Amino acid sequence: MAGHRTAKMEGFGCLSSMRFAELDTYLRTETEAERWHKENPGVISNFYGGLPFVMEEGKKIYIFDFTDYFLLDDLLVIKETRYTELYPHFHKYMELNYTYSGKCTYSINGETTELREGDILLLQKNVIHSALYKGENDIVINIAFKDELFSIDFLNSLSEKEPMYDFVVNSFFRMRRHDNYIVIRNRGNELLNAAVESIALHYFSARKLNYKTVIDGYFRILFHHLVNATNEQMSDGLKKENDDVIYYVLNYISTHFQNGRLEEIAGELGYNYNYLSNLIKEKTGKTFSGLKLEHQLNTAYKLITETDLPISEICLRCGITNQTYFYRKFSEYFHMLPTKLRSG
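> It is not clear to me how the packing of helix α10 (residues 288–306) against helix α12 (residues 323–334) should be interpreted in this structure. Could you clarify?
Packed helix pairs are specified by the crossing angle of their axes together with the interaxial distance, meaning the distance between the axes. Contact geometry of α10 with α12 gives a least axis separation of 10 Å together with a crossing angle of 90°. By the angle between their directions, the pair α10 and α12 is classed as roughly perpendicular. Of α12, the residues touching α10 (which contributes Leu293, Glu294, Leu297, Asn298, Ala300, Tyr301 and Ile304) are Tyr325, Phe326, Lys329, Phe330, Tyr333 and Phe334. Here the residues of the contact of α10 with α12 are counted per class, giving ten nonpolar, one polar and two charged.

Structure follows, in structure tokens:
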């Protein structure tokens, strides 16, 4: 596995492959706490006994406060302990959880999400979360960020139109509760992997005189890669959402072609009428009424060729009450009159 992780980093030039191999070895080496949990499965460690906590709905919610660590560093990097669960808690600082290897299942404010290798979970301050048991190959790097890192200068480097800007600002001012965490599904973004792993490598290695400058640089690089990854993910998500909406619209037309209305489907989906109308035109090249008319005419064609129903009855069954309009549109679409189709 170490060779696999190392090979992925070659070519970045920031650090040699040997150095990332050192990180892999460090992360996979069992700590004293991990050995204890292997010998005492299911037992809560003494670590939690010394932590402050609050009670919510009869359960202990532990408080992780890294203030003392931040007297020396602007960020804190931890390898989360394997062979145990992570009990419900919250941090007083913004944090990032990076699944270096394997997987990890988190519960965040009652919602469960599974992260696999490369995935990132960003949490604002004071967000209650926990994690299920992590096995030998389930390695998670946790990075907590000192408030001072998010300076005005740093915020000015982000666009106010980007989701990451809102996320960072909301972490400090709590403007919207529903923005309290972001999951980034990272599949093949090696630059983002390199940014996280470079921070971890420098943090765990012997400190050089320019350590703070290097870490600050990687911090900024990391967040700009997070900005790009978040924007791309939202774009992909919006595309899928739009595709699902069009499928819904087409399915709606197939069952409501007699009297279906765009206003009705917009209300069902919770979309603005004009937005939905433009989205349909953009995705299909046709208007809602045009798609509905096509379905009406194709249904009419089927009824004309397969039944003996009068044309007037077929018009009504297709939801068209004006026979003159029906004849004109049928002729334009099929290049023949309904009567010609039936007699021919």
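Picking up where we left off.
> I would appreciate a short explanation of α12 in the present structure.
Every α-helix carries 3.6 residues per turn, so stepping three or four residues along brings you back to the same face. Between the first and last C-alpha of α12 there are 16 Å, a value that for twelve residues agrees with the 16 Å anticipated at 1.5 Å per step. Structurally, the start of α12 carries an N-cap: the backbone nitrogen of Thr324 is 3.0 Å from a side-chain oxygen of Asn322. One or two positions beyond α12, positive phi appears at His335, with a value near 60°.

> Even after reading the chapter, I still don't get the environment of Val54, so can you show me in this structure?
Its place among the elements puts Val54 in strand β1 (residues 53–56). Using a relative accessible area of 32% as the deciding quantity, one classes Val54 as partly exposed. In this structure, the C-alpha to C-alpha distance between Val54 and His89, residues 35 residues apart in sequence, is 9.2 Å. Among residues more than four places away in sequence, those in contact with Val54 are Lys59, Lys60, Ile61, Ile63 and Phe90.

> Any chance you could explain the sheet that holds strand β4 (residues 86–91) here in plain terms?
The strands making up a sheet associate through hydrogen bonds between their backbones, and the pairing can be parallel or antiparallel. Here we have six strands laid out as an open sheet, ordered β1-β2-β4-β9-β6-β7, and mixed in their pairing. Lying at the two open borders of the sheet, with one neighbouring strand each, are β1 and β7 (111–116). Between one strand and the next, the sheet's axes are offset by a mean angle of 35°, whatever the strand orientation. When strand β6 (residues 103–108) meets strand β9 (residues 129–131), the two strands line up antiparallel, connected through three bridges. Residue pairing for β9: Ser107 is matched across the bridge by Ser130.

> Looking at this structure, I do not really get the pattern of salt bridges. What am I missing?
Where charged atoms of side chains with opposite charge meet at close range, the side chains can pair. Applying the stated rule across the entire model yields 18 salt bridges. In this structure, Glu114 engages Arg116 in a salt bridge whose closest nitrogen and oxygen atoms are separated by 2.9 Å. On the basis of relative accessibility, which here comes to 32%, the residue Glu114 falls in the partly exposed class. Salt-bridge contacts for Arg185 lead to Asp119; the nearest nitrogen and oxygen are separated by 3.1 Å. You can see Arg185 sitting in the loop between β11 (181–184) and α6 (190–204) and its partner Asp119 sitting in the loop between β7 and β8 (120–123), a full 66 residues away along the chain. You can call Arg185 partly exposed: its relative accessible area is 37%. Asp119 gets classed as buried once you look at its relative accessible area, which sits at 0%.

> Sorry, what's going on with the sheet that holds β8 here?
The strand order across the open sheet formed by five strands is β3-β10-β5-β8-β11, and the pairing between neighbours is antiparallel. Only two strands of the sheet have a single neighbouring strand rather than two, namely β3 (75–79) and β11. Strand-to-strand, the axes of this sheet are offset by a mean angle of 15°, without reference to chain direction. Packed on one face of the sheet, α6 meets β3, β5 (94–101), β8, β10 (139–145) and β11 and runs near 95° to β3.

Rules behind the numbers
- Residues numbered from 1 in each chain as written.
- Predicted model: local features only at pLDDT ≥ 70, side-chain atom pairs only at ≥ 80, totals over all residues.
- Heavy atoms only, no water.
- Axes fitted to C-alpha atoms, helices over the stretch in contact; angles between N-to-C directions.
- Helix = DSSP H or I, 4+ residues; strand = E, 2+ residues; numbered from the N terminus.
- Parallel < 35°, antiparallel > 145°, perpendicular 65-115°, else oblique.
- Contact = heavy atoms within 4.5 Å.
- Nonpolar A, V, L, I, M, F, W, Y, C, P; charged D, E, K, R; others polar.
- Expected span 1.5 Å × (residues − 1).
- Polar contact = N/O pair within 3.5 Å; in protein donor to acceptor, adjacent residues only side chain to side chain.
- Buried < 20%, exposed > 50% of the residue type's maximum accessible area, 1.4 Å probe, protein only.
- Pairing = 2+ DSSP bridges.
- Salt bridge = Lys/Arg side-chain N within 4 Å of Asp/Glu carboxyl O.

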